Structures are given as structure tokens and as C-alpha cells.
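Structure assessment
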Amino acid sequence: MGGGARALPTAWVLDRLAPMMSEAGHRAARTRPAEATPLAPPERGGRNLGQLWRTFLALCVFVVYSAFAPFGYAMFMVWLMLPTRDANRRARRVQGIVRRAFGMMHDLLRFMGLLEFDHRSLIGRFPDGPFVVVANHPTLPDSSALFASVPDLCAVVRADLYKKGWLRPLVVGARHLEGGSGNLLEGARLVEQGVERLNEGFRLMMFPEGSRSPPGEIRPFRRSAFEIACRARVPLVPVVIRCRPVWISKEVPLLRPPAQRPVLTLEVLDPMDPADFGYDSRALMRDVESRLRRLALTDGATTPALENDRK
Amino acid sequence: MDDTLEMEIKQLIVDSLMLEDVKPEDINSDDPLFVEGLGLDSIDALELAMAIHKKFGVRTSADDENNRENFHSVTSLAAFVRAGQAKNAAAAESAGDSA
């Protein structure tokens, strides 16, 4: 996935520079683990030339987006604030624009050698019709990668972001769901709205950990996504996300990129039918959580046990 | 009286949430029900709220700020049910008076 078949200028330079810059990078370029190995902790220590170059590129991307994105978004927002007779039709158009925008962003990140991920590699990997996609969440760009890859996708947006005046027209226009703000019974609203979106033909993306995964770990899963799939009687599609080395996680910020070019991979597992679990969301969650935990914390290894987890 | 209501709530928790390895007498009235203690989650809270409404006629809304407090333990749930039933009885009485 994201195999980098095309020659990309800055990516090409960095791929050749980075291994020379550090011994760790040199080892990583020559060896590949044959067996399932636990995820290594994030790199520590001083910055080398590769990291400084990537930091500069990340800063450039950040400045360019900060300078130009507000203008584009302002026009977009005016359109979203206009009344509409068909909110779902407009939501699909908004989601389409967002999907293309995130696709372009990932193309740019790839071109600049900041993050290796090709969203085109996921075309045809998801089933037709509505489904719930659940994934681990090691880095921020994994959500934009899914947005770039799955059409008609609604997501759960953190309550504080959902309420922000400047973002609200977009999240409401795209018919995203508002995440909980701590009330114990808010799960009811989320489940109800999630089922409603699926019944309207949308797909739903949820990160059952509720927040980004700490490096080398996966937080305990929450049940809402599984309950929604069971109640709506739609397939659940687990996706194993890996980012090696990790970047834009809770611990590794945007402006501290690793020396090696991070590679983001999304491994789409077979869709699961909640009927096979008697529509028991707890059993469905337990199964997915244990498989994602094993698969996400290994570097794409292929032991018989892990192959079984992929089915 | 209080012990009976608490026992009914414990039985309701076990039955409505289909807890396989838990008996009503295993649940300590003051232990937290969610995350720690019994380890219930927000979907369990939703199911429990529906079961309480069905059995005791006491309803709560999803945006009630006191939900976390009311659903903290069996003891707090029993207090919530008693208060809700008293409120319902008073409302029925005033409706009877005005009729």
C-alpha cells in the first residue's frame, strides 16, 4: 500500500539522504523484520539533517495551508450556510469536496516526501452500500487518509470542535455526528444518529479508542461503533492502521518529523456481519479489538496466527 | 424498603444487561457501576435507563447534567428512582385535584 512506484523528487532525495544521516536509519533501510515484532518506541534524541529537512518541509506545508486554506474555506462556508431543501444531497457533495481535498493533501505530502500514502491504493477495497469502518488511530493523517479513500463518509467529531463557529457549517453540512461531551447517556444520541446516517446510505467512520493511540499501544475500545453496526444491521469493516515511524501522534508533533519518511498503511480487513455475532455488540467489539490489537502492533508480519486474524 | 428497591435494581442490572458472571448479591450498593466497579459502559447506561423507565416509570433525558451522579451506583440509582416516583405521584395527585 502506498508503494511509491512513481519517482517523486523530494521523496527520492530524502530516501537516499536519511539512511546516511543516522545509524538507526541505516539499519532500518537494510533490514526488515520477518517475524511479528512489537512496535518500537518513537525515536528520541537530537535532530539530524534528514529531520531538519523534513521539519522545514512540514513548516512549508503548514504555512501554505494556513495562508491559503482560510480563503477557500470562507467561500465554501458561505455556500454551506445557504438554506437547502435536501440536506443529504448537499452532504454528499460536501463529502465529495472534502474527499478530493484530503486526497490532494496526501498527494502533496507524498510529493514532498513527508508521508508515504497513496489513497488510490484503497479503491475497491471497501464494500458497496452503507457500513461502519472502525480503526486504530496512531496518527492524525489516518483519518484524512480514510476521508480521502471512502466516499459518502460521515464521522464523529469531537464535541468542542463541532461547536466551533468557523468549523460548524462544514461538520453540519457534511452531516457528521457530534461526539459526546461527558454525559453518561449521550451514547443514546450518538447511536440513534449513527443508525440514521447508515439508513440514509452514508458510511460511518469511528475510532473506538476515542482518541489517538499512544505509540506502541491501543486504548480500550468503546462500544458505540459496534452497537451502531448491530442496530443498523450493516457490515463492520475493520482497518488496521500503521504509521512507521510514527508522526503527528499525541507524542510526536507535526513539526518534529522523524528522520525516516513515515509510511502510512491502511490494511482493510474483510467486512464482518453483525449477524454472525447474534447482533451482540459486546462480542463483536471483543473480536475486533483483539484482532486489531494483534495486527496493529506488529509490522505487517505474516505468521499463521496473524493471517487468521486477517480473515 | 430501601434494601428491597436496591435489590430490585441489582436484579434489573443483571437481567437487562445480561451479565453472565454476575449475581445481584455480588453487586455492592456503593460501588461505582461504570468504568471501575462493575465496568459498565455508555451503551449499558442507555439500556439501563430504558429498563428503569420500563420497570419504575422514571425517565431521564440524555442531556440531564445529573446522569453521571444518578447512575453512579445502586444506592444513587435507588435515590433517583425514589425521587422520580415521588415526583410522578405528586404530579398525578395535582392532576386529580384539578380534574
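Criteria and thresholds
Residues numbered from 1 in each chain as written. Chains lettered and ligands numbered in written order. Predicted model: local features only at pLDDT ≥ 70, side-chain atom pairs only at ≥ 80, totals over all residues. Helix = DSSP H or I, 4+ residues; strand = E, 2+ residues; numbered from the N terminus. Buried ≥ 20, exposed ≤ 12 C-beta atoms within 10 Å, placed from the backbone. Contact = placed C-beta atoms within 7 Å. Nonpolar A, V, L, I, M, F, W, Y, C, P; charged D, E, K, R; others polar. Core = buried A, V, L, I, M, F, W, Y, C linked by C-beta atoms within 7 Å. pLDDT = per-residue confidence, 0-100. Pairing = 2+ DSSP bridges. Axes fitted to C-alpha atoms, helices over the stretch in contact; angles between N-to-C directions.

Quick word on the overall build of chain A
Regarding its fold elements, chain A presents 11 helices and six strands. Considering chain A as a whole, with its 311 residues, one finds that 41% of them fall into the buried category.

Examining the interface of chain A and chain B
Listed as interface residues are 12 residues of chain A and, on the opposing side, 13 residues of chain B. For the side of chain A that touches chain B, the secondary structure elements donating two or more residues are α8 (186-199) and α9 (224-232) of chain A. Considering each element in turn, the side of chain A that touches chain B owes the most residues, four residues, to α8 of chain A. A class-by-class count of the residues in the side of chain A that touches chain B yields three nonpolar, four polar and five charged.

What about the environment of serine 94 of chain B?
Residues and elements named next belong to chain B. Relative to the helices and strands, serine 94 is located in helix α4 (residues 74-98). Residue serine 94 is classed as exposed on the basis of its 10 C-beta neighbours within 10 Å. Along the chain, serine 94 and alanine 78 lie 16 residues apart, while their C-alpha atoms are 24 Å from each other.

Points about the environment of valine 58 of chain B
Residues and elements named next belong to chain B. Within the fold, valine 58 resides in the loop between α2 (42-56) and α3 (67-70). Of the residues examined, valine 58 has 20 C-beta atoms within 10 Å and is grouped as buried. Taking the C-alpha atoms as reference points, valine 58 and asparagine 88, 30 residues apart in sequence, are found 8.0 Å from one another. In this structure, valine 58 is in contact with Ile52, His53, Phe80, Val81, Gly84 and Gln85, ignoring residues within four places of it in sequence.

Examining the nonpolar core
Val132, Val133, Ala229, Leu236 and Val239 of chain A are the most contacted members of the largest nonpolar core, which has 91 residues in total. With seven residues, α2 of chain B is the largest single contributor of residues to this core.

Things to note about the environment of threonine 4 of chain B
All names here are of chain B. Here threonine 4 is to be found in helix α1 (residues 2-16). Residue classification places threonine 4 among the exposed residues on the basis of 9 C-beta atoms within 10 Å. The sequence separation of threonine 4 and alanine 78 amounts to 74 residues, and the corresponding C-alpha distance is 9.8 Å.

Focus on the confidence of the model for chain A
Residues and elements named next belong to chain A. Averaged over all residues, the pLDDT of chain A is 82; the fraction at 70 or higher stands at 82%. The lowest-confidence element of chain A is helix α2 (residues 23-30), averaging 33 in pLDDT; the highest-confidence one is strand β1 (residues 132-135), averaging 98. Here residues 1-38 scores under 50 on pLDDT; set against residues more than four positions off or in separate chains, the count is 60 contacts.

Some details on the sheet that holds strand β2 (residues 153-157) of chain A
Residues and elements named next belong to chain A. Spatially, the six strands line up as an open sheet ordered β3-β2-β4-β1-β5-β6, and their pairing is mixed. The open sheet has two edge strands, β3 (177-178) and β6 (263-268), and neither has a second partner. Across four bridges, the pairing between β1 and strand β5 (residues 236-244) is parallel. Each bridged residue has a counterpart across the sheet, and for valine 133 the counterpart in β5 is valine 237. Along the sheet, helix α5 (residues 141-149) makes contact with β1, β2, β4 (203-206), β5 and β6, crossing β6 at roughly 55°.

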